[in-house]
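Now for the letters of each chain:
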Amino acid sequence: MKPGIATILGIETSCDETAASVVVDGKIISNIIGSSEGLHAKTGGIVPEVAARAHVEKIIPVIQEALGNRKLEDIDAIAVTTGPGLFGSLIIGTETAKTLAYMFKKPIIGINHLEGHFLSALADKPLTTNYYTTILPALALIVSGGHTELLLIKKPFEYKVIGRTRDDAAGEAFDKIAKLLGLPYPGGPHLSQLAKEGNSKAFDFPRGMSGEDNFDFSFSGLKTAVLYFLRKYPKANKADVAASVQEAIVDVLVKKATRAAGYFGVKTILLGGGVVANEHLRSRFIIHNSLFKILIAPPALTTDNAAMIALAGYLRFMAGKTDSWYNIKANPNLKL
Ligand code: KG4
Ligand code: ZN
């Protein structure tokens, strides 16, 4: 390793995207995603076996493209998502990373996919443990297709889950409701596009658990409410429905996260995960919060990618947190 410079290869295959990235000295050099979204659009959702086969086909070309002119010998460490996710998908990434680490005698860093999501909120900040310490205590809100979690971070790399969804994740709610509205998969971006033409106050959909004295979420009641609403009013303006649904989801996320931030007296709120691509959510968080520093993952790093894994890997590598290939295992239920 050259002094002060570390080159990290990141690999992510937890769900349907086969992704690899190179980060040098905390800066993203490449961020390659071989998406199988087209395959899953046909089935309206992810079929694990289809996702796993696509990873096998794409993993080496995607890593090659991410490396560019670099050789594996030039890499200082390999960061790989070990969980949570689909087992058949995770093992393609972890076994590939382990093989490369073994062959090229490189340290390996197992990354929790959720840590990657919220640490990408630091993508344009100095990626050092020192800087990480200055923004603490912090709250991290991860909102993706599979997760809606609130974490309290008092020390770098130490996470405490203080709230999570009791049923559907926020992204899942976007996707399922988009399906009810006849929109293509994945529904979140389509629903938010349609919402731009609608009135967010048109319909008052339920804000699950928003009045409860805890930091958990529930989105399945919203989905059921929209299902019954559309049965009763099949001619309702779809853009108004989309805008009102988006408002209901964003409202709960903003209110609960802000309440938690106040309760725990944090300095910063970190936002990451696919749903954080939502423009309405981004602006509501910024408008609503003058008390906290709001750090939001850049739009390109919100949905699944390997740069977030390489960035988290870089931060851990610089803090001396590396491992050997024989300790790395895919774990679909990995906890933070
Ligand atoms: O983080 P991610 O790529 O995958 C998981 O780890 O789950 O998140 C994907 C989720 C999907 O549910 C997708 O519909 C949602 O993020 N999403 C959005 C937007 N872009 C992606 N939801 C709302 N508005 C968006 N603009
Ligand atoms: Zn994700």
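Our subject is the structure that appears above.
Please read all numbers here as calculations on a predicted model, not as lab measurements.

## Things to note about helix H9 (residues 238–264)
For step 1, the next point in the chain: The terminal C-alpha atoms of H9, which comprises 27 residues, lie 39 Å apart, in line with the 39 Å expected from a rise of 1.5 Å per residue.
For step 2, the next point in the chain: In terms of burial, H9 is largely enclosed, as 21 of its 27 residues are buried.
For step 3, the next point in the chain: N-cap assignment for H9: the residue whose side-chain oxygen lies 2.9 Å from the backbone N of Ala239 is Asn237.
For step 4, the next point in the chain: Note on H9: the residue one or two positions beyond its end, Gly265, has a positive phi of about 60 degrees.

## Concerning the packing of helix H6 (residues 170–180) against helix H8 (residues 220–232)
For step 1, the next point in the chain: It is the contact of H6 with H8, at a shortest axis distance of 10 Å, that shows an interaxial angle of 10 degrees. Between H6 and H8, the angle is such that the two are roughly parallel. Between H6 and H8, the residues in contact are Lys176, Ile177 and Leu180 and Leu222, Lys223, Val226, Leu227 and Leu230, respectively.
For step 2, the next point in the chain: Looking at side-chain class alone, the contact of H6 with H8 contains six nonpolar, no polar and two charged residues.

## Observations regarding the pairing of strand S4 (residues 77–83)
For step 1, the next point in the chain: Of all the seven residues making up S4, seven are buried; the element is thus mostly covered by neighbouring parts of the structure.
For step 2, the next point in the chain: Bridge analysis of strand S1 (residues 7–12) against S4 gives four bridges, and the strand direction is parallel. Paired with Leu9 across the two strands is Ile78, which belongs to S4.
For step 3, the next point in the chain: Direction of pairing for S4 relative to strand S5 (residues 108–112): parallel, over a ladder of five bridges. Its bridge partner lying in S5, Thr81 is registered against Ile111.
For step 4, the next point in the chain: The β-α-β motif built from S4, the intervening helix H3 (residues 87–104) and the parallel element S5 has right-handed crossover chirality.

## A short note on helix H7 (residues 187–195)
For step 1, the next point in the chain: Every buried residue belonging to H7 is among Gly187, Gly188, Leu191, Ser192, Leu194 and Ala195, and all of these are buried. Buried residues in H7, looked at end-on, bunch into an arc of 160 degrees, giving them a common side.
For step 2, the next point in the chain: Tucked inside the fold, the buried residues of H7 contact H6 and H9.

## Let's talk about the pattern of salt bridges
For step 1, the next point in the chain: All told, the structure shown has 15 salt bridges when counted by the stated rule.
For step 2, the next point in the chain: Among the salt bridges present, the one from Arg284 reaches Asp251, with a minimum N-O distance of 2.9 Å. Pair noted here: Arg284 is in helix H10 (residues 279–288) and Asp251 is in helix H9, with a separation of 33 residues, a long-range link. There is no split in this pair, since Arg284 and Asp251 are both buried.
For step 3, the next point in the chain: When salt bridges with common partners are traced through the structure, they connect Asp204, Arg207, Glu247, Asp251, Lys255 and Arg284 into a single cluster.

## Quick word on the environment of Ala239
For step 1, the next point in the chain: Summarising the element assignment, Ala239 is placed in helix H9.
For step 2, the next point in the chain: Taking relative accessible area as the criterion, Ala239 reaches 8% and is therefore assigned buried.
For step 3, the next point in the chain: Aside from chain neighbours lying at most four places away, what touches Ala239 is Leu194, Ala195, Glu197 and Gly198.

Each value, and the rule that gives it
- One numbering rule holds for all chains: residues counted from 1, following each sequence as written.
- As they are written, the chains are lettered A onward and the ligands numbered 1 onward, keeping that order.
- Residue-level local features of this predicted model are given only where pLDDT is at least 70; pairs of side-chain atoms are given and counted only at 80 or more, and the full residue set underlies all totals for whole chains, interfaces and linings.
- No hydrogens and no water enter the side-chain calculation; it runs on all heavy atoms of the structure.
- Secondary structure follows DSSP: runs of H or I at least 4 residues long count as helices, runs of E at least 2 residues long count as strands, and numbering of each begins at the N terminus.
- Helices are assigned an expected span. That span is 1.5 Å times one less than the residue count.
- Summary of the burial criterion: residues with accessible area below 20% of their type's maximum are buried, those above 50% are exposed, and those between are partly exposed, where the area comes from a 1.4 Å probe applied to protein chains only.
- Polar contacts here mean pairs of N or O atoms no more than 3.5 Å apart (in protein, one a potential hydrogen donor and the other a potential acceptor; neighbouring residues in sequence count only if both atoms are side-chain atoms).
- Axis definition: a line fit to C-alpha positions, over the contact stretch in the case of helices; interaxial angles, taken between N-to-C directions, run 0 to 180 degrees.
- Any angle from 65 to 115 degrees is called roughly perpendicular, while one under 35 is roughly parallel, one over 145 is roughly antiparallel, and all others are oblique.
- By definition, residues are in contact when any of their heavy atoms lie within 4.5 Å.
- Any residue that is not Ala, Val, Leu, Ile, Met, Phe, Trp, Tyr, Cys, Pro, Asp, Glu, Lys or Arg is counted as polar, Gly included; the first ten are nonpolar and the last four charged.
- At least two bridges found by DSSP between two strands are what make those strands a pair.
- Convention used here: a crossover is right-handed provided that the path from the first strand, over the helix, to the second strand proceeds clockwise when the strands point away from the viewer.
- The arc in question is traced by the directions running from the helix axis to the C-beta atoms.
- For salt bridges, the criterion is a side-chain nitrogen of Lys or Arg within 4 Å of an Asp or Glu carboxyl oxygen.

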